[in-house]
Amino acid sequence: MTDALRFAPGWPGIEPRWTTSAKSAVGTANNAGARVWFTASHGILNEIYYPEVDTACTRDAGFLVSAQGGYFSEEKRHCSHAVEWLAPGVPAFRLINSCHEGRYLIEKRVCCSPDFDAVLQHVRFTPLVGTLSDYHLTWLISPHLGNHGAGNSAWTGEFKGEPMLFASRDALAMAVSCTAPWLARSANFVGPLDAWNDVQRDGKMRQTYDRADNGNVSLAGEIDLVGCAGEFTIVIAFGVDASTAALHARASQLVPYDTQESQYAAAWHRFQHKLLPLDEPASANAPHLYRTSAAVIKAHGSMNSDGGMIASLSVPWGNSKGDGDLGGYHLVWPRDMVSSAGGLLAAGAQHEVLDTIRFLAAVQEADGHWSQNLWLNGGAYWHGVQLDETAFPILLVDLARRADLLDADMLALWWPMVRKAALFIVRNGPATEQDRWEEDAGFSPFTLAVVIASLLGAADIADLHGDTKAAAYLRETADAWNASIERWTFAEHTPLAQQYGVRGYYVRIGSSAELDVAAPVEGAVVIKNRTSPTEASAYDVVATDALALVRFGLRAPHDVRIRDTVTMIDALLRIETETGPTWHRYNGDGYGEQEDGSPFDGTGIGRGWPLLAGERAHYELAAGNHEEAERLAAVMRAQASDGGLLPEQVWDAADIPERELFNGRAAGSAMPLVWAHAEYIKLWRSLRDGHVFDCPPQTVARYIAQSNPVPFACWRPTMMRRDVQAGQFLRVETSAAAMVHWTNDGWKTSHDVQSIDSTVGVHFVDLPTQALPPGAMIDFTMRWDDDVRWEGKDFRVEVVAAA
């Protein structure tokens, strides 16, 4: 007869939360079968991911230390923490936790099993006061299977006679084994009655339970320190059910830790060996950031969905986030992923880039765009539309083509993907529903730079595929949009411009509404031919995004409009910190901690981004300021964590130690940000080459090296312009075949012109309006071919004097 199961009290536990996003270590096995990823901070394991890099399965796992006399210590809160990489670019780690009171030292070596779905943690506990028998060491882990802290079940049990700890949720399971004996084990609901409170209150686990079902649960086990002489290995394994997870745990436990770590490291050494030797000088701060960055990018990739890469193995401000924020940053953002692939290409990792292109082709939507962000199975998470996220994959294909990674057969394979993406851009651009920061709609200099460059890249690929008609149309569209950048986004004579002594600057977002042309009035803000005395505030927002016009080759770095904008960027967005300058995204940014350091909750104060120091360094390099670009690369190294990870943001205000916020160091948003690591690699490659690595040559040749006047003005139903300059012809674009019926004399006479198919989803008619004088009115309507239907209304465009 067996004892009755002891069910834990306190169901369903407190509301679950994630943990800090400021990671000190991330890793995974670098082999095709790898299905487990780990993170660490404050000396303990945090989220562990399985079976994909977008699926978190734990919150954290660490030790409690207690002793007679009421002594209680938690290693993540009451220790000093250090982290060491096994070798440069090999993401196996040594975590060293030194008790603040000098009573104990915990040293851990962490890696993944190279053969099984498990994370290994080899532990040595050293008493600095007293002996092993004086201490109780309790291990605590919080399962959050399948990206959920709620709805988990936990229990104690055995597999083939070996005691283990178990958890499950839906079709995911976890099993924990230990090479040292367990003195006690317990499954609990997180809350006042859990093992943490038991140990803190009574000095050791005294209330143990067998099961805790369907809630926010935790598992605890006391280690027999004397029985293992203070040294043991804990295995955290996963599977589709508890038995499979237990099998992986037991199988991993049977292989010595040193053997598995050596095999794990060998695969990473092979990866690092094939990279270009771009290592920084030994005297530099964070001397291995190049190798670290390559490993960080690679470790954020799926080993199953080849080519898929997430933005970060973290949940920004995770301590304040629960199950309502399932995605965190462990999602695919096409923009981030393309940047990451570009970083790997800059480092010489070619195979990974081809994998990324294949993944992008597989998850492209039917209409040609990519979801704003998505899971690795292709399912969308958010549903915003950002044109740059559709343009970046085109740029990646073109970058790979120019790096001689794609032969004619491969270009033919990827042309349908490129064509669909270009079709989406030309049918829906140039304004975007959201900018690159997933926020506002309108004309964004960053988006315009990326989409125009992508259209020229797509045109080159179309030519190679033999589609010369599409190539010509894509180039003409790129030219027309490029010629309108200032009309859409450059503000002149604003009070802000006058305050800083410049004529004008590129705004963060230009309105996508076509404003009436009017003579400037006193006090009005002017964006080229548009004036709006009522919308001046919209033109007071300056962003670092304008530097993309140089980065992607549309404007020369010494263009006075760019230089004036840089003046504004530095006046409004640059902050000096203890680790060097940092830049905010734009003035008025609210994505960051509150003034008192409390977490972002939908409002806050934007902080500085190390990524933007890299973008500024690329601008300086393009401008010929190599020394300044080198200095900013050093700033990025200085803003990395002690473990070599680059944060999304750094704290740029006075220190708030109780919130672990220190000037010039990581703030509470994502760390690592893979995009930042990719930017660092590209910067380091650019510095070696003496030019911007990912600047498309097509744009430089077309818009900087030579004058490229545009002979037409474009009208389309989604952007009904009101004027055409004298000497230009009017291009009328439609989404389907149509006949354009038009006049320039008030319908006394009229003309009919049949549309031309561009072959990329747009039809167009070029009306011969070049000879019309200023003041002439062009009226037109359409008859649609498919259903022989008239549009039912007329449209008017005025001829104006050339600027």
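Now for a quick tour of the structure. Being a predicted model, the structure only gives us computed values, none of them experimental. (Residues numbered from 1 in each chain as written. Predicted model: local features only at pLDDT ≥ 70, side-chain atom pairs only at ≥ 80, totals over all residues. Heavy atoms only, no water.)

**Notes on helix H19 (residues 697–704)**
Put simply, the rule reads: Relative accessibility under 20% of the residue-type maximum defines a buried residue, over 50% an exposed one, and the middle range a partly exposed one, all with a 1.4 Å probe and only protein chains included. What counts as a helix is a DSSP run of H or I of at least four residues, what counts as a strand is a run of E of at least two, and both are numbered from the N terminus. Working definition: the arc comes from the directions between the helix axis and the C-beta atoms, pointing outward to the latter. Any two residues whose heavy atoms approach within 4.5 Å at even a single point are treated as in contact.
If you check which residues of H19 are buried, you get Gln-698, Thr-699 and Tyr-703. Taken around the axis of H19, the buried residues stretch over an arc of 90°, which confines them to a single face. The elements touched by buried residues of H19 are helix H8 (387–402), helix H10 (445–465) and helix H11 (468–483).

**Regarding the packing of aromatic side chains**
What counts here: Only centres within 6.5 Å qualify two rings of Phe, Tyr or Trp (six-membered ring in Trp) as a pair; their planes then separate them into stacked at under 30 degrees, edge-to-face at over 60, and tilted for everything else. Sitting over a ring, as applied to charges here, requires NZ of Lys or CZ of Arg to be within 6 Å of the ring centre and within 35 degrees of the ring normal.
Per the counting criterion, the structure on display carries 27 aromatic pairs. For the pair Phe-446 and Phe-552, a centre-to-centre distance of 6.3 Å together with 90° between the ring planes defines the contact as edge-to-face. Residue Phe-446 is located in helix H10, and its partner Phe-552 is located in the loop between helix H14 (548–551) and helix H15 (560–573); the two are separated by 106 residues in the primary sequence. The pair Phe-446 / Phe-552 is uniform in exposure class, with both members buried. On the numbers, 5.8 Å between centres and 35° between planes, the contact of Phe-780 with Phe-795 is tilted. With a gap of 15 residues between them, Phe-780 in strand E31 (residues 777–784) and Phe-795 in strand E33 (residues 795–800) connect regions that are remote in the sequence. Taken individually, Phe-780 and Phe-795 each receive the classification buried, so the pair is uniform in this respect. By the ring-pair criterion, three or more aromatic residues cluster together here, those being Tyr-329, Trp-333, Trp-375, Tyr-381 and Trp-382. Positioned above the aromatic ring of Tyr-586 is the side chain of Arg-508, whose terminal nitrogen or guanidinium carbon lies 3.7 Å from the ring centre.

**Regarding the pattern of salt bridges**
This is how the line gets drawn: The working definition used for a salt bridge is a side-chain nitrogen of Lys or Arg within 4 Å of a carboxyl oxygen of Asp or Glu.
In total, this model carries 56 salt bridges according to the counting rule given. Where Arg-211 meets Asp-213, a salt bridge forms, and the shortest distance between an N and an O atom there is 2.8 Å. For Arg-211, a relative accessible area of 23% puts it in the partly exposed group. We classify Asp-213 as partly exposed; its relative accessible area is 28%. Note that Arg-789 and Asp-787 form a salt bridge whose closest N and O atoms lie 3.1 Å from each other. Residue classification places Arg-789 among the partly exposed positions, given a relative accessible area of 38%.

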